[in-house]
Amino acid sequence: DTGVSQDPRHKITKRGQNVTFRCDPISEHNRLYWYRQTLGQGPEFLTYFQNEAQLEKSRLLSDRFSAERPKGSFSTLEIQRTEQGDSAMYLCASSPQNTGELFFGEGSRLTVL
Amino acid sequence: GESVGLHLPTLSVQEGDNSIINCAYSNSASDYFIWYKQESGKGPQFIIDIRSNMDKRQGQRVTVLLNKTVKHLSLQIAATQPGDSAVYFCAENSGGSNYKLTFGKGTLLTVNP
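Throughout what follows, the structure given in this document is the object of discussion. This is a predicted model, so every value here is computed, not measured.

Reading guide: rules and limits
- Residues numbered from 1 in each chain as written.
- Chains lettered and ligands numbered in written order.
- Predicted model: local features only at pLDDT ≥ 70, side-chain atom pairs only at ≥ 80, totals over all residues.
- Heavy atoms only, no water.
- 1 Å grid on protein atoms, 1.4 Å probe; cavity = no way out; pocket = protein on both sides within 12 Å on 5 of 7 lines; lining within 4 Å.
- Points joined across faces, edges and corners; volume = space filled by probe spheres on them.
- Helix = DSSP H or I, 4+ residues; strand = E, 2+ residues; numbered from the N terminus.
- Nonpolar A, V, L, I, M, F, W, Y, C, P; charged D, E, K, R; others polar.
- Phe/Tyr/Trp six-rings, centres within 6.5 Å; stacked < 30°, edge-to-face > 60°.
- Buried < 20%, exposed > 50% of the residue type's maximum accessible area, 1.4 Å probe, protein only.
- Lys NZ or Arg CZ within 6 Å of the ring centre and 35° of its normal.
- Polar contact = N/O pair within 3.5 Å; in protein donor to acceptor, adjacent residues only side chain to side chain.

Things to note about the layout of surface pockets
Considered as a void within the structure, the largest pocket measures approximately 400 Å³ in volume. Residue lining of the largest pocket: 20 residues in total, with Gln-37 and Leu-39 of chain A together with Gln-38, Ser-40 and Val-87 of chain B positioned closest to the centre. Broken down by element, the residue count for the lining of the largest pocket peaks at three residues, all from strand β8 (residues 86–93) of chain B. Partitioning the lining of the largest pocket into residue classes produces eight nonpolar, eight polar and four charged. Roughly 260 Å³ of internal volume is contained in the second largest pocket. Lining the second largest pocket are 14 residues; nearest its centre among them are Glu-44, Phe-45 and Ser-58 of chain A together with Leu-101 and Thr-102 of chain B. Contributions of two or more residues to the lining of the second largest pocket are made by β5 (44–50) of chain A together with β9 (101–103) of chain B. Broken down by element, the lining of the second largest pocket gets its largest block of residues, three residues, from β9 of chain B. In the lining of the second largest pocket, the residues fall into four nonpolar, five polar and five charged.

Below you can see the structure in the form of structure tokens.
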């Protein structure tokens, strides 16, 4: 399968714990995006990388959230001191340069108890 | 109580009928629009896109219409099939070459056999 893959697919954690999600984009894609989706809503933009550079972050991304893409390939999204309001589906997408066609992964569903 | 966000607009059609899903976008500066399909438990899947210098684009069984005057986008699906049942999102790009997409709320399409 050469699509975008995300791990883990599901994560249940207790409030206050840290969680990390990983995204492996399509190999030739240099752009990588993180989105968050809650039930009944469309995905909301969180952050965007071009190669290893994080070019934009949403105001939704509080100080507890950090994303990295150290070698311009896979990316991680870490949430520290999780809160119940962080419960959502975290979607990763990748795209080639100069196109708006984003290829989404299946998402990582986070449940904070 | 139940969140307002759970009340997705819904469209129910009979198999073989044509479906029209509508979307109002917010930013008159948006230059690129995409329709995505999301099946339960999966990430959004690209259907068709259109740039702001066009008012109509056709794909296989799908047509997107863009009316910039009233900031309205529609997706027409011909000969709707049960496999078309999903939530459909329109997304607009107001981020220039970064393609930071803003997604609408979504419409749940149910196709009855």
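A short note on the packing of aromatic side chains
Using the criterion set out here, one finds 14 aromatic pairs over all chains in the structure. Ring geometry for Tyr-33 of chain A against Tyr-35 of chain A: centres 6.4 Å apart, planes inclined by 35 degrees, an arrangement best described as tilted. Assessed through its relative accessible area of 0%, Tyr-33 of chain A is described here as buried. Judged by centre distance (4.9 Å) and plane angle (20 degrees), the ring pair of Tyr-33 of chain A and Tyr-48 of chain A falls under stacked. Placement of Tyr-33 of chain A in strand β4 (residues 31–37) and of Tyr-48 of chain A in strand β5 is noted, with a sequence separation of 15 residues between them. Feature note: the residues Tyr-33, Tyr-35, Phe-45, Tyr-48 and Phe-104 of chain A together with Tyr-36, Phe-46, Phe-89 and Phe-103 of chain B constitute an aromatic cluster, connected by ring pairs. Just above the ring of Phe-74 of chain A sits the side chain of Arg-22 of chain A; from NZ or CZ to the centre is 3.9 Å.

A short note on the side chain of Ser-30 of chain B
Residues and elements named next belong to chain B. Relative to the elements of secondary structure, Ser-30 occurs in the loop between β2 (19–24) and β3 (32–38). Given the relative accessible area of 6%, Ser-30 is considered buried. Only 2.5 Å separates the side chain of Ser-30 from the side chain of Glu-92, close enough to count as a polar contact.

In short, geometric facts, not functional conclusions.
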